[in-house]
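Letter by letter, the chains look like this.
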Amino acid sequence: MVDTPPFNLIIFGITSNLAQIKLIPALYDMAEKGILPENFTVVGVSRSHTDLQKHFRIVLAEHNRHHEHDINSSVVDNLTSKVVHIAGQLDDPLLYEKLKTYAKGNTIFYLATYPELYKDIFVNLNKAGLNSQENGFVRLMIEKPFGADLASAKELDMLLLEFFSEKQLYRLDHYLGKETIQNILTFRFGNGLFEPLLNKTFIDHIQVTSLENFGIGKRGGYYDTVGALKDVGQNHLLQMLAFATMDVPSEFSNEAVTLERLKIVKKLLPMPDKIVLGQYKGYKTEENVSKKSITDTFFAFKTQIQNERYEGVPIYIRGGKQLSKTLTEIAIVFKNPDNRLFNNIQSGQIPNVLIYRIQPNEGIVLKILTKKPGHDFELESTAMNFDYPKPDASHYLPDPYERLLVDCLRGDQTFFNDASEIEAQWAFVDPLLSGHGQPIIYDSGTDGPKEADNLIKSDGRSWIS
Ligand code: BG6
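Notes on the structure in this doc start here. (Residues numbered from 1 in each chain as written. Predicted model: local features only at pLDDT ≥ 70, side-chain atom pairs only at ≥ 80, totals over all residues. Heavy atoms only, no water.)

Here we come to the site of the ligand. Close to the ligand lie 13 residues, the nearest being Tyr175, Glu212, Arg219, Asp231 and His236. At 2.7 Å, a side-chain N or O of Lys178 approaches an oxygen atom of the ligand. At a separation of 2.7 Å, an oxygen atom of the ligand approaches a polar side-chain atom of Arg219. Protein chains shield 91% of the accessible area of the ligand, which is 400 Å² for the free molecule. In terms of residue class, the shell around the ligand is built from one nonpolar, four polar and eight charged. (Near = heavy atom within 4 Å. Polar contact = N/O pair within 3.5 Å; in protein donor to acceptor, adjacent residues only side chain to side chain. Areas by Shrake-Rupley, 256 points an atom, 1.4 Å probe, with all protein chains shown as cover. Nonpolar A, V, L, I, M, F, W, Y, C, P; charged D, E, K, R; others polar.)

Counting 137 residues, the largest nonpolar core has Phe12, Tyr96, Leu99, Tyr110, Phe122, Met141 and Tyr356 as its most contacted members. Per-element tally for this core: the top contributor is helix 9 (residues 228-245), with ten residues. For Phe122, the residues in contact, after removing those within four places along its chain, are Leu111, Leu140, Ile142, Leu156, Leu159, Leu160 and Phe163. In terms of nonpolar packing, the next biggest core, distinct from the first, is built from five residues, Ala331, Val353, Ile355 and Val365 among them. (Core = buried A, V, L, I, M, F, W, Y, C linked by side-chain atoms within 4.5 Å. Buried < 20%, exposed > 50% of the residue type's maximum accessible area, 1.4 Å probe, protein only. Helix = DSSP H or I, 4+ residues; strand = E, 2+ residues; numbered from the N terminus. Contact = heavy atoms within 4.5 Å.)

Here we take up the sheet that holds strand 2 (residues 40-46). Across the sheet, six strands lie side by side as 3-2-1-4-5-6; this open sheet has parallel pairing. Pairing within the sheet leaves two strands with one partner each, and these edge strands are strand 3 (83-87) and strand 6 (169-172). Looking at each pair of strands side by side, their axes are set apart by 20 degrees on average, direction ignored. In this fold helix 5 (residues 118-127) packs onto strand 1 (7-12), strand 4 (107-111) and strand 5 (138-143), with an angle of close to 175 degrees to the strand it touches most, strand 5. (Pairing = 2+ DSSP bridges. Axes fitted to C-alpha atoms, helices over the stretch in contact; angles between N-to-C directions.)

Moving on: the packing of helix 1 (residues 17-32) against helix 3 (residues 73-80). With their axes 10 Å apart at the nearest point, helix 1 and helix 3 run at an angle of 110 degrees to one another. By the criterion of interaxial angle, the relationship of helix 1 to helix 3 is roughly perpendicular. Crossing angle aside, the handedness with which helix 1 passes helix 3 is right-handed. On the side of helix 1, the interface is formed by Leu27, Tyr28, Ala31 and Glu32, while helix 3 contributes Val75, Val76 and Leu79. (Parallel < 35°, antiparallel > 145°, perpendicular 65-115°, else oblique. Left-handed = near helix turned anticlockwise from the far one by under 90°.)

Glancing now at the sheet that holds strand 11 (residues 327-334). The strands that make up a sheet pair up through hydrogen bonds in the backbone, lying either parallel or antiparallel. Strand order across the open sheet formed by nine strands is 14-13-12-11-7-10-9-8-15, with mixed pairing between neighbours. Two strands close off the open sheet at either side, each with one partner strand: strand 14 (379-387) and strand 15 (440-442). Mean inter-strand twist for the sheet, computed between neighbouring axes without regard to direction, equals 20 degrees. Bridge count for strand 7 (residues 203-211) against strand 11 is eight bridges, and the pairing is antiparallel. Each residue of the ladder has a partner; that of Leu211, found in strand 11, is Leu327. Of the strands in this sheet, strand 7, strand 8 (275-280), strand 9 (298-303), strand 10 (315-320), strand 11 and strand 12 (353-359) touch helix 9, which is tilted by about 140 degrees from strand 7.

Turning to the side chain of Asn106, a few remarks are in order. Structurally, Asn106 is set in the loop between helix 4 (93-99) and strand 4. In this structure Asn106 comes out as buried when scored by relative accessible area, which is 18%. A polar atom in the side chain of Asn106 sits 3.0 Å from the backbone nitrogen of Phe137. Among all residues touching Asn106, those that are not within four sequence positions of it are Pro5, Pro6, Phe7, Asn8, Asn135, Gly136 and Phe137.

Once that is clear, we can look at the pattern of salt bridges. According to the stated counting rule, one finds 23 salt bridges in the structure shown. With a shortest N-O distance of 2.8 Å, Glu155 and Lys119 are connected by a salt bridge. A residue pair is termed long-range when its members are at least 10 positions apart, and Glu155 in helix 6 (residues 150-163) and Lys119 in helix 5 qualify at 36 residues. Between Glu195 and Arg188 there is a salt bridge whose closest N-O contact spans 2.6 Å. Overall, Arg188 belongs to the buried group, its relative accessible area being 1%. Among the charged side chains, a salt-bridge network with shared partners connects Arg188, Glu195, Asp247 and Arg309. (Salt bridge = Lys/Arg side-chain N within 4 Å of Asp/Glu carboxyl O.)

Structure, rendered in structure tokens:
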């Protein structure tokens, strides 16, 4: 049973793409599952006047790849009856005066807007006294990317910590709310079987991959200011790596889990000469993208974790848009022992691979060699799969936004980033981007620039997916 307290959720950027494809559907799912309390209000803020109830209905009627199931009209009626719209500019103190009416009792401010506006929001919330927790909790859910580099992230953190305590801050990376990412902790630390193998003695290399077969859609205004590495690399992919490689936390608590993730990110070695940046052909003609843009829509880079456990294990990280397929996973490729009995027969050298698969089909896969049935001794690589059951409800696996909203309501920060974690991510990524010139143009529907293949091939390896 999921219990949530009464609350007011104030969303800055209610007409944003994020609110449409993730937040509004997540609220619907919570309503449908009965995990919203009796008393709650959703206040949507955007620049111009909007019929928010109608907006919710339109958004929910449109299926998208995150929200594919049918909707129940009485649930929608009930949800929209709790929705209020406020029009205003985010840098206008008057807006915050208006919000005072709604920010009574437990309040979450959700920043689903352009990162450049964060500063104005923090300053104005403070000016209006909306950070006071006298009548209930006040929490901020802040979307990534948090800052644009280490210096700006530090500046934001300093500003935020003047007005709010770290306990009020929920810096959100929705990958931390994904079932399979959280399941990595169970797989590794809830079982005794695999953990002893996850180190430099047994691992040949690690690949972290996030490929998408679609472009930036209508998000040009945002995307062109960040690019692929800052959009998913600095955050989602580093977090995936951290979950897959961190040491066992001393206990299952926010502090202990975050500490171990942080230790990994801090030990990552930036290798600025081992990065390839690409841009898909036609990107510059996308809506709201500069005709001269040098923004990356693809990246591939190599790194290493400089600690005793993984010393010398190469890690290859790759992500991008308009590629041949959509696939997100962490693959741990094991070394072949020299004395493997079947080393000399065909397929006998295919390595064992452990894959944490985020999409499609969330699950965990172990690739092993098996004998092909028959009179000859032939081998093949076979997948042992853990898949989640697929009951009728397509939202049986809670969407990460649903999970993280519930966590925030419950005051659990385990699957959110703290200041030091975000800053460590930027400290790693900044050197990779310094001096970044023209990205290499690649055709849509391919696997990205050839140079990315060469990056891994020159080490005698290849991309496994
Ligand atoms: C978002 C990025 O954070 O993550 C998008 O801004 C990306 O560009 C998305 O497509 C991927 O998330 P998911 O949940 O679809 O894998």
